[in-house]
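Reading the structure
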Amino acid sequence: MTRYGLLIFDDVEELDFVGPWEVFTSSAAVRDGADSAVLIAERSDPVRCVRGMRVLPDHTLDDHPPLDVLLVPGGKGVKRELGNSATLEWIARTAAAAEWITSVCTGVQLLCEAGPARGHRVATHHMFEESVRARGDVTLVSDARYVIEGNLATSQGVSAGIDMALWLVGQLHGRDHAREVMRYMQYEPAPPYQADEPGVR
């Protein structure tokens, strides 16, 4: 059994955690419930996400079960959490015991501040690459949707977290399983407007 723990906090970016959540829970469904995913917040109160969605955590930082995978999302709330010692200490403690440590978008800044990403190659949203690079304790990779180094998996913004999560379930349970999860989700990206068109990033 694999247990995924996804950190949430006020002003978290919705798809940063909801996208991987869909992958992880779809993986659980394909495995007949052999896996599980939980949302974890500092307090048990509803979390208000950056675009207004309200989410109720399953556990707090102090009462969750052991985690095999830790996922740290991004969003405007990251700036506040960078000064939250309770969150940072929890990330450091939880990451030390997890099989995999992952982030989406600016969530990597929390992994840097808490320690697990220091000295590693990482990815983040293109608008925040310079702020991550300026830290000086990581190597920013700007041309990859997600970067794997050891048991650390970091991804660019929003939808890249879905790709990273699919890669991860493939590592944990095999490529055939990951393909089955993709079919279950009907994950067949076909964007109507390409982001790499001239003049668009």
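Residues numbered from 1 in each chain as written. Predicted model: local features only at pLDDT ≥ 70, side-chain atom pairs only at ≥ 80, totals over all residues. Heavy atoms only, no water.

Going by the annotation in an unreviewed UniProt entry, the name recorded for the protein is DJ-1/PfpI family protein, with Nocardia pulmonis given as the source organism.

So, on to the UniProt feature "domain: DJ-1/PfpI" (unreviewed entry) in the protein. The UniProt record marks residues 6-169 with the feature "domain: DJ-1/PfpI" (unreviewed entry), using the residue numbering of this structure. The span residues 6-169 is 35% helix and 21% strand, and its two end C-alpha atoms sit 15 Å from each other. (UniProt positions renumbered as here; feature names shortened; annotations may be inferred. Helix = DSSP H or I, 4+ residues; strand = E, 2+ residues; numbered from the N terminus.)

Before going further, it helps to spend a moment on the nonpolar core. Leu6, Phe17, Val23, Phe24, Trp90, Ile91 and Val122 are the most contacted members of the largest nonpolar core, which totals 53 residues. Residue contacts for Trp90: discarding those within four places in its chain leaves Leu7, Ile40, Leu61, His64, Leu67 and Leu70. (Core = buried A, V, L, I, M, F, W, Y, C linked by side-chain atoms within 4.5 Å. Buried < 20%, exposed > 50% of the residue type's maximum accessible area, 1.4 Å probe, protein only. Contact = heavy atoms within 4.5 Å.)

Attention shifts here to the packing of aromatic side chains. Taken as a whole and assessed by the stated rule, the structure comprises three aromatic pairs. Relative to Phe24, the ring of Tyr4 has its centre 4.0 Å away and its plane inclined at 5°; by these criteria the two rings are stacked. Highlighted residues: Tyr4 in strand E1 (residues 3-7) and Phe24 in helix H1 (residues 14-30), separated in sequence by 20 residues. By the burial criterion, Tyr4 is buried, and Phe24 matches it. Judged by centre distance (5.6 Å) and plane angle (85°), the ring pair of Trp100 and Trp167 falls under edge-to-face. (Phe/Tyr/Trp six-rings, centres within 6.5 Å; stacked < 30°, edge-to-face > 60°.)

The subject of this paragraph is the packing of H1 against helix H6 (residues 160-173). Two elements in contact, H1 and H6, have axes whose closest approach is 8 Å; the angle formed by their N-to-C orientations is 25°. Judged by the angle between their axes, H1 and H6 are roughly parallel. Remark: the crossing between H1 and H6 carries right-handed chirality. Of H6, the residues touching H1 (which contributes Gly19, Pro20, Val23, Phe24 and Ser27) are Gly161, Ile162, Ala165, Leu166, Leu168, Val169 and His173. In terms of residue class, the contact of H1 with H6 is built from eight nonpolar, four polar and no charged. (Axes fitted to C-alpha atoms, helices over the stretch in contact; angles between N-to-C directions. Parallel < 35°, antiparallel > 145°, perpendicular 65-115°, else oblique. Left-handed = near helix turned anticlockwise from the far one by under 90°. Nonpolar A, V, L, I, M, F, W, Y, C, P; charged D, E, K, R; others polar.)

Moving on, we come to the sheet that holds strand E10 (residues 146-149). A sheet is described by the order of its strands in space; here seven strands give the open sequence E5-E2-E1-E6-E7-E11-E10, paired in mixed fashion. The outermost strands of the open sheet, each flanked by one partner alone, are strand E5 (59-60) and E10. Here strand E2 (residues 36-41) pairs with E5 via two bridges, running parallel. For Ile40, the partnering residue across the bridge sits in E5 and is His59. (Pairing = 2+ DSSP bridges.)

We now examine the pairing of strand E11 (residues 152-155). Here E11 shows a buried face lined by Leu152 and Thr154 and a second buried face lined by Ala153 and Ser155. Pairing geometry for strand E7 (residues 100-104) and E11, over four bridges, is parallel. Residue pairing in the sheet places Ile101 in a bridge with Leu152 of E11. The hairpin formed by E10 and E11 contains two residues between the paired strands, and Gly150 there has a positive phi angle of roughly 60°.

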